[in-house]
Amino acid sequence: MAVLRFLLFAALAPLLVVQALRTRRGTPRLPGAGGPASGVTGSGPDFRLAVLGESTVEGVGARTHEEGLTGRLAELIAGGGLRVRWQAVGRTGASAAVVRRELVHRLAPADLVVIALGVNDTLELHSAARFRRDLLGVVVDVRRRLGPVPVVLAGVPPMGSFPALPRPLRDVLAARSAALDRAAAELARLPGVTYVAMAPGLLHDGTFAADRFHPGPAGYREWAATLVAALPAGTGAEQSQEPWRPR
């Protein structure tokens, strides 16, 4: 079966390269979120939130970080009576290895770190073993810098649901993203690490930005709600949230 998959991939490789190039040229280049990449929201006891990762953490598809993943997370956590000091540390195009090498050192002290990675590792066709190793390295380096902070790993988005991707490229990336997502889930065996799969049905027409690749404000809001609903006990924020239900 593995040999058959390899032969099929080899046969499709020229077409996949053409589709990838056409998709890159034809997809609108959206900027990262405007405004500061850190802030404070809510009132009450202090809670420090850091979000680390790729373009979704840079806020591509949102006008400001308040409308992006980090801001939405901070808003929901603050809703339970906390003063949330938040920080978004992300870079468009960053793989897990790049984040480990170039972004982890920018993290400020935090009570919770949310990590959103996997799309760029999928696009670069990294193996599940490599992604698991690089993602583990990110977690280890985060804790070397910040101490035994709770970590939430956002599941790798199912790229078979990305409308910007044509077939068969979409099918190849769907299989690869699923493999990387399973690799990320394995790290939940580590103490203090929680994996949160992307909720079924989260990716639909109303959640994508204009490029049909990144989330828009509605997508970030719904994604943040699924993550907050799964906050681990002991973070100081998990008791403040109502369970999220799909719209």
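What counts and how
Residues numbered from 1 in each chain as written. Predicted model: local features only at pLDDT ≥ 70, side-chain atom pairs only at ≥ 80, totals over all residues. Heavy atoms only, no water. Helix = DSSP H or I, 4+ residues; strand = E, 2+ residues; numbered from the N terminus. Buried < 20%, exposed > 50% of the residue type's maximum accessible area, 1.4 Å probe, protein only. Contact = heavy atoms within 4.5 Å. Areas by Shrake-Rupley, 256 points an atom, 1.4 Å probe, with all protein chains shown as cover. Pairing = 2+ DSSP bridges. Axes fitted to C-alpha atoms, helices over the stretch in contact; angles between N-to-C directions. Parallel < 35°, antiparallel > 145°, perpendicular 65-115°, else oblique. Left-handed = near helix turned anticlockwise from the far one by under 90°. Nonpolar A, V, L, I, M, F, W, Y, C, P; charged D, E, K, R; others polar. Salt bridge = Lys/Arg side-chain N within 4 Å of Asp/Glu carboxyl O. Phe/Tyr/Trp six-rings, centres within 6.5 Å; stacked < 30°, edge-to-face > 60°.

Asker: When you look at the overall build of the protein in this model, what are you seeing that I'm missing?
Answerer: When you go through the protein residue by residue, the secondary structure sums to 8 helices and 6 strands. Listed by position from the N terminus, the elements making up the protein come as α-β-β-α-α-β-α-β-α-α-β-α-β-α. A total of 247 residues make up the protein; the buried ones form 49% of that total. Contacts spanning at least 24 positions in sequence make up 79% of the contacts within the protein whose residues lie at least 6 apart. Per element, the accessible surface of the protein, about 11600 Å² overall, is 57% carbon and sulfur.

Asker: I would appreciate a short explanation of the environment of Gly137 in the present structure.
Answerer: As for its placement among the helices and strands, Gly137 is situated in helix α6 (residues 128–146). Residue Gly137 is classed as buried on the basis of its relative accessible area of 6%. Measuring from C-alpha to C-alpha, the distance between Gly137 and Ala96 comes to 8.5 Å, with 41 residues separating the pair along the chain.

Asker: What am I meant to see in the sheet that holds strand β3 (residues 83–90) here?
Answerer: What holds strands together in a sheet is hydrogen bonding between their backbones, with the strands either parallel or antiparallel. In space, the 6 strands of this open sheet follow the order β1-β3-β2-β4-β5-β6, with mixed pairing throughout. In this open sheet, the two strands that pair with only one neighbour each are β1 (38–41) and β6 (193–196). If you compare each strand with its neighbour and ignore which way they point, the axes differ by 20° on average. As paired elements, strand β2 (residues 46–53) and β3 share 8 bridges and run parallel to each other.

Asker: What is the right way to read the packing of helix α3 (residues 69–78) against helix α8 (residues 217–229) from this model?
Answerer: Viewed as axis vectors pointing N to C, α3 and α8 meet at an angle of 50°, and their least axial separation amounts to 8 Å. Here α3 is positioned oblique relative to α8, judged by the angle of their axes. When the axes of α3 and α8 are compared, the crossing they make is right-handed. Contact residues: Leu69, Arg72, Leu73, Leu76 and Ile77 in α3; Pro217, Tyr220, Arg221, Trp223, Ala224, Ala225, Leu227 and Val228 in α8. For the contact of α3 with α8, the class distribution of residues is 11 nonpolar, no polar and 2 charged.

Asker: How should I be thinking about the side chain of Thr194 in this particular structure?
Answerer: Relative to the helices and strands, Thr194 is located in strand β6. In this structure, Thr194 is in contact with Val151, Val152, Leu153, Ala230 and Pro232, ignoring residues within four places of it in sequence.

Asker: Just to check I follow, could you spell out the pattern of salt bridges for this structure?
Answerer: Side-chain pairs of opposite charge can arise where the charged atoms are in close proximity. For the coordinates displayed, the defined rule picks out 12 salt bridges. Between Arg72 and Glu75 there is a salt bridge whose closest N-O contact spans 3.3 Å. Placement of both Arg72 and Glu75 in helix α3 is noted, with a separation of 3 residues, approximately one turn of the helix. Look at Glu75 and you get partly exposed, because its relative accessible area is 44%. Put simply, Arg132 and Glu186 hold a salt bridge, and the shortest N to O gap is 3.1 Å. Linking Arg132 in helix α6 with Glu186 in helix α7 (residues 169–186), this pair joins segments that are 54 residues apart in sequence.

Asker: What is the right way to read the packing of aromatic side chains from this model?
Answerer: To describe a pair of aromatic rings, one takes the distance between the centres and the angle between the planes. All chains considered together, the criterion is met by 2 aromatic pairs. Look at Phe162 and Phe208: their rings are 5.9 Å apart centre to centre, the planes differ by 75°, and that puts the pair in the edge-to-face class. Taken together, the residues Phe162 in the loop between β5 (151–154) and α7 and Phe208 in the loop between β6 and α8 connect sequence positions 46 residues apart. The same class applies to Phe162 as to Phe208, namely buried. Both rings, one in Phe162 and one in Phe213, keep their centres 5.0 Å apart while their planes meet at 85°; by these two values the pair is edge-to-face. Here Phe213 lies in the loop between β6 and α8 and Phe162 lies in the loop between β5 and α7, a separation of 51 residues in the sequence. Owing to a relative accessible area of 16%, Phe213 belongs among the buried residues under this scheme. Cluster of aromatic residues (ring-pair linked, three or more members): Phe162, Phe208 and Phe213.

Asker: Please explain the packing of α6 against α7 as it appears in this structure.
Answerer: Any two packed helices are characterised by how steeply their axes cross, that is the angle between the axes, and by the distance between the axes. Between α6 and α7, whose axes approach to 9 Å, the crossing angle comes to 40°. Our classification of the angle between α6 and α7 gives oblique. Our pair here, α6 against α7, has a crossing hand that is right-handed. Seen from α6, the contacting residues are Ala128, Phe131, Arg132 and Leu135; seen from α7, they are Arg176, Ala179, Leu180, Ala183, Ala184 and Glu186. Broken down by class, the residue content of the contact of α6 with α7 amounts to 7 nonpolar, no polar and 3 charged.

Purely geometric stuff here, so don't read any function into it on its own.
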